[in-house]
Amino acid sequence: MERDELKQERDRLQNELDQLRTELQTVRQSSPAATAERQITPQQAFTETNLFVRYGSKGKGTLADAAAGEANRETIESNLKLEYHTRFDVDGVAVDGKEYETFLHESMEYQFVSWLVVDLLYEIIETGHQRGLKDLFDAIQEIDRAELQGTLSVEAEEGDERELSFDIILRDRMGNPLVVANINDSRDPATGEMLGSLVDASSDVASANNELSAAFQVTKSFFEPAALETTEDATSGGLLTREKRESFVKLSRKRGYHLCLVESRNGEFHLTVPEL
């Protein structure tokens, strides 16, 4: 009797195990990762991707038209497109278990660029900060492409060149860097060290490139007090400063850039420094 019960229990457990194996196989086969011909890392996906700001028709509204008050947000959003170009064939490629396009569109990098070129431009207009953020406001209109996890070369003191890395580099049509940004895609807060590294690297770039208008630190969490202190120290300009540009790192009489802090909440971005 006991022997028969044990046999029945064994058979039941075996059936459950076979069913779970079948379900697992079905899930694996239906996932993009399973059907993908090859997997690549997020690092490779980003470094081999560029985003381009393009329009359905330049006659139907551009960022320059928006800045001039000649096109509303709905017109720009329907006409502007973020197109991507990769150095690899995206067909059959998965990143972190997701199809490449899904991975890209869900990334903070892509979403930040989309926010910067449309939403931030209108936020500056609607809050009347065109003068205080003039360099950034003008630069947004000139953005042609975004390089993800790119590098910029600057001349070192010894005369050699050194490479500075940023998560995002926004460039004009001639390739000049207009905006740089670093992304903290973590639950941990952005630290003072992060801001210090960003300020050091951005200042070196701005010293060599008049076109650089702004540096962004973007976080999915929040900014530690040390990060805010680092930002304040970098943009204070001294007791006798008469600088009218907001959150501005002044390097010389003619050179400098806006230092901006952005928090991401539920897929939306909020400029916290300077406050709009």
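Our subject in this report is the structure included herewith. (Residues numbered from 1 in each chain as written. Predicted model: local features only at pLDDT ≥ 70, side-chain atom pairs only at ≥ 80, totals over all residues. Heavy atoms only, no water.)

Before going further, it helps to spend a moment on the pairing of strand S9 (residues 214–219). Of all six residues that make up S9, six are buried, and the element is covered over most of its length. With burial as the criterion, each face of S9 is covered, one bearing Ala214, Phe216 and Val218 and the other bearing Ala215, Gln217 and Thr219. Two strands pair when backbone bridges link them, and strand S8 (residues 177–184) and S9 are joined in this way by six bridges, in the parallel orientation. Paired with Val180 across the bridge in S9 is Ala215. (Buried < 20%, exposed > 50% of the residue type's maximum accessible area, 1.4 Å probe, protein only. Helix = DSSP H or I, 4+ residues; strand = E, 2+ residues; numbered from the N terminus. Pairing = 2+ DSSP bridges.)

Below, the discussion takes up the packing of aromatic side chains. Here the structure, examined in full by the defined rule, presents seven aromatic pairs. Note on Tyr84 and Tyr100: the rings are 5.4 Å apart at their centroids and 70° apart in plane angle, and the pair reads as edge-to-face. With Tyr84 in strand S3 (residues 80–86) and Tyr100 in helix H6 (residues 100–106), the pair connects residues that are 16 residues apart, well separated along the chain. Seen in terms of ring centroids, Phe112 and Trp115 are 5.8 Å apart; in terms of plane orientation they differ by 35°. Their pairing is tilted. (Phe/Tyr/Trp six-rings, centres within 6.5 Å; stacked < 30°, edge-to-face > 60°.)

Okay, the layout of surface pockets next. Quantified by volume, the largest pocket comes out at close to 290 Å³. In terms of lining, the largest pocket is formed by Val53, Arg54, Tyr55, Lys58, Thr62, Ala64, Gln141, Glu142, Ile143, Asp144, Asp172 and Arg173. Per-element accounting of the lining of the largest pocket gives the leading share, three residues, to strand S2 (residues 49–55). Of the residues contributing to the lining of the largest pocket, the split by class is four nonpolar, two polar and six charged. Computed from the structure, the second largest pocket encloses a volume of approximately 210 Å³. (1 Å grid on protein atoms, 1.4 Å probe; cavity = no way out; pocket = protein on both sides within 12 Å on 5 of 7 lines; lining within 4 Å. Points joined across faces, edges and corners; volume = space filled by probe spheres on them. Nonpolar A, V, L, I, M, F, W, Y, C, P; charged D, E, K, R; others polar.)

Attention now goes to the side chain of Ser202. Tracing the backbone shows Ser202 in helix H9 (residues 192–208). Given the relative accessible area of 0%, Ser202 is considered buried. Contacts of Ser202, omitting those with residues within four sequence positions, involve Phe166, Val180, Leu212, Ala215 and Tyr257. (Contact = heavy atoms within 4.5 Å.)

What follows deals with the sheet that holds strand S1 (residues 38–40). Either a parallel or an antiparallel arrangement is found when strands of a sheet pair, and the pairing is made through backbone hydrogen bonds. Ordered by their spatial adjacency, three strands build an open sheet running S1-S4-S5, and the pairing between neighbours is mixed. Each edge of the open sheet is held by one strand with a lone partner, namely S1 and strand S5 (98–99).

With 51 residues, the main nonpolar core has Leu116 and Phe216 as its most contacted residues. Tallying contributions element by element places helix H7 (residues 108–126) first for this core, with 12 residues. (Core = buried A, V, L, I, M, F, W, Y, C linked by side-chain atoms within 4.5 Å.)

Here Glu224 shows up in the loop between S9 and helix H10 (225–235). A residue is classified by how much of its surface remains accessible, and Glu224, at 27% relative accessible area, is partly exposed. As for Glu224 and Thr191, which are separated by 33 residues in sequence, their C-alpha atoms are 5.5 Å apart.

Here we take up the pairing of strand S6 (residues 145–155). Of the pairings in the sheet, the one linking S2 to S6 comprises three bridges and is antiparallel in character. For Asn50, the partnering residue across the bridge sits in S6 and is Glu147. Where S6 and strand S7 (residues 161–171) come together, 10 bridges link them in antiparallel fashion. When the bridges of S7 are listed, Thr151 appears paired with Ser165.

Moving on: H7. Of all the bends found along H7, the most pronounced is centred on Leu116 and spans about 45°. Of the residues flanking the end of H7, it is Gly128, one or two places downstream, whose phi is positive at about 70°. (Bend = angle between axes of the 7 residues up to and from the residue.)

Without other data, these values stay purely geometric and don't point to any function.
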